[in-house]
Amino acid sequence: MLNEIKKDAQTRMAKSVEAFRHTLIKIRTGRASTALVDHLKVNYYGSDMPLSQVASVQVSDARSLIITPWEKQMVGPVEKAILASDLGLTPNTAGTVIRLNLPALTEERRKELSKLVHSESEDAKVAIRNIRRDANHQVKELLKEKQITEDEVSRSEIEIQKITDAAIKDVDEVVKAKEQELMAV
């Protein structure tokens, strides 16, 4: 029973770290990446579709993306989706090809993005700590039901704390890598 609680906590914490990584992919750095536009939804004949399902997205060089809609009439809706997004980019259209140029980040913008990364990391850490609290609560419930001893409770809490520390260390490593990416010119 205790092993299940610990495994569940470890799995949930790993998912939190993975969700945090996925959130950071959307934060723009100086380099072009197709992941920047993965979250965009395009109005496709009345329903919102992911951009990847209505167009191909390619990195043409370090600072630009090329988006090619599969249908000519989708150029307008794709442009609208880009303009309405939180990317802050203006699409340049030539026929059926949309080019997104990523300007170099200013020092001020880098600092803003760094603050955003830290804010997101705090959210991830809070989620991890909540999972720890839930796991410890489940262990205490087992004690109340007299299924485990006090010693097992204290051992389990120490192990759960070790799992938590490892997950928080993972979050810190992801933050460090993202900051290096942001500060690289």
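For every chain, the first residue of the written sequence is number 1, and numbering continues from 1 along that sequence. Owing to the predicted nature of the model, reporting of local features is limited to residues with pLDDT of at least 70; listing and counting of side-chain atom pairs is limited to 80 or more, with chain, interface and lining totals taken over all residues. Side-chain figures throughout are based on the complete set of non-hydrogen atoms in the structure, without hydrogens or water.

Before going further, it helps to spend a moment on the pattern of salt bridges. If the charged atoms of two oppositely charged side chains come close together, the side chains can form a pair. In what follows, salt bridge is the name for a side-chain nitrogen of Lys or Arg lying within 4 Å of a carboxyl oxygen of Asp or Glu. Counted according to the given criterion, the structure contains ten salt bridges. Between lysine 6 and glutamate 159 there is a salt bridge whose closest N-O contact spans 2.5 Å. With a gap of 153 residues between them, lysine 6 in helix α1 (residues 2-25) and glutamate 159 in helix α4 (residues 150-183) connect regions that are remote in the sequence. Each residue's exposure class comes from its accessible area (1.4 Å probe, protein chains only) as a fraction of the maximum for that residue type: buried when under 20%, exposed when over 50%, partly exposed otherwise. By relative accessible area, which is 12% here, lysine 6 ends up buried. Among the residues examined, glutamate 159 registers a relative accessible area of 32% and is labelled partly exposed. Arginine 12 serves as the salt-bridge partner of aspartate 8, at 3.8 Å between the closest nitrogen and oxygen. A residue pair is termed a helical-turn pair when its members lie 3 or 4 positions apart in one helix, as aspartate 8 and arginine 12 do in helix α1 at four residues. Put simply, DSSP marks the helices as runs of H or I at least four residues long and the strands as runs of E at least two long, and each gets a number from the N terminus on.

Okay, the side chain of asparagine 136 next. Here asparagine 136 shows up in helix α3 (residues 107-144). Here, residues are in contact when the closest pair of their heavy atoms is within 4.5 Å. Beyond its immediate stretch of four places on either side in the chain, asparagine 136 contacts Glu157 and Ile160.

Below, the discussion takes up the packing of aromatic side chains. The rule is short: rings of Phe, Tyr and Trp, with Trp giving its six-membered ring, pair when the centres are within 6.5 Å, and they are stacked under 30 degrees, edge-to-face over 60, tilted in between. Per the stated rule, a full pass over the model turns up one aromatic pair. Geometrically, the ring pair formed by tyrosine 44 and tyrosine 45 is edge-to-face, given 4.7 Å between the ring centres and 70° between the ring planes. For tyrosine 44, a relative accessible area of 23% translates into the label partly exposed. Judged by relative accessible area, which is 56%, tyrosine 45 ranks as exposed.

UniProt positions are given in the numbering used here, feature names are shortened, and annotations may be inferred rather than shown by experiment. This chain's UniProt record puts "coiled-coil region" (unreviewed entry) on residues 132-159. Regarding residues 132-159, the helix share stands at 82% and the strand share at 0%, and the terminal C-alpha atoms are separated by 10 Å.

The next subject is the pairing of strand β4 (residues 64-69). Burial within β4 is extensive, with five of its six residues counted as buried. Strand pairing is assigned whenever DSSP identifies at least 2 bridges connecting the two strands. Relative to β4, strand β3 (residues 55-61) runs antiparallel, the two sharing six bridges. Looking at β4, one finds that aspartate 61 is bridged to serine 64. Counted along the chain from β3 to the antiparallel partner β4, the turn is two residues long. When β4 meets strand β6 (residues 97-101), the two strands line up antiparallel, connected through four bridges. Each residue of the ladder has a partner; that of isoleucine 67, found in β6, is isoleucine 98.

Moving on, we come to the nonpolar core. Residues belong to one nonpolar core when they are buried, are Ala, Val, Leu, Ile, Met, Phe, Trp, Tyr or Cys, and are joined through side-chain atoms within 4.5 Å. Counting 27 residues, the largest nonpolar core has Phe20, Ile128, Val139 and Val171 as the members making the most contacts within it. Looking at this core, the elements that each hand over two or more residues are α1, α3 and α4. In terms of residues, this core owes the most to one element, α4, which gives nine residues. Sequence-distant contacts of phenylalanine 20, defined by excluding residues within four places in its chain, comprise Val117, Glu120, Ser121, Ala124, Val171, Val174 and Val175. Val42, Val75, Leu87 and Leu89 belong to the second-largest nonpolar core, a separate cluster that totals 20 residues.

Attention now goes to the sheet that holds β6. One open sheet holds the four strands; their spatial order is β3-β4-β6-β5, and the pairing between them is antiparallel. Two strands in the sheet have a free side with no partner beyond their single neighbour: β3 and β5 (91-94). Adjacent strand axes in the sheet meet at a mean angle of 25° when their direction is disregarded. Here an axis means a line fitted to C-alpha atoms, over the contact stretch when the element is a helix, while the angle between two N-to-C directions is reported on a 0 to 180 degree scale.

Right, let's get into α1. Over its 24 residues, α1 runs 35 Å from end to end, which matches the ideal 34 Å to within 8%, given 1.5 Å per residue. Residues of α1 that are buried include every one of Leu2, Ile5, Lys6, Ala9, Met13, Ser16, Val17, Phe20 and Leu24, and no others. The elements touched by buried residues of α1 are α3 and α4. Multiplying 1.5 Å by the helix residue count minus one yields the expected span of that helix.

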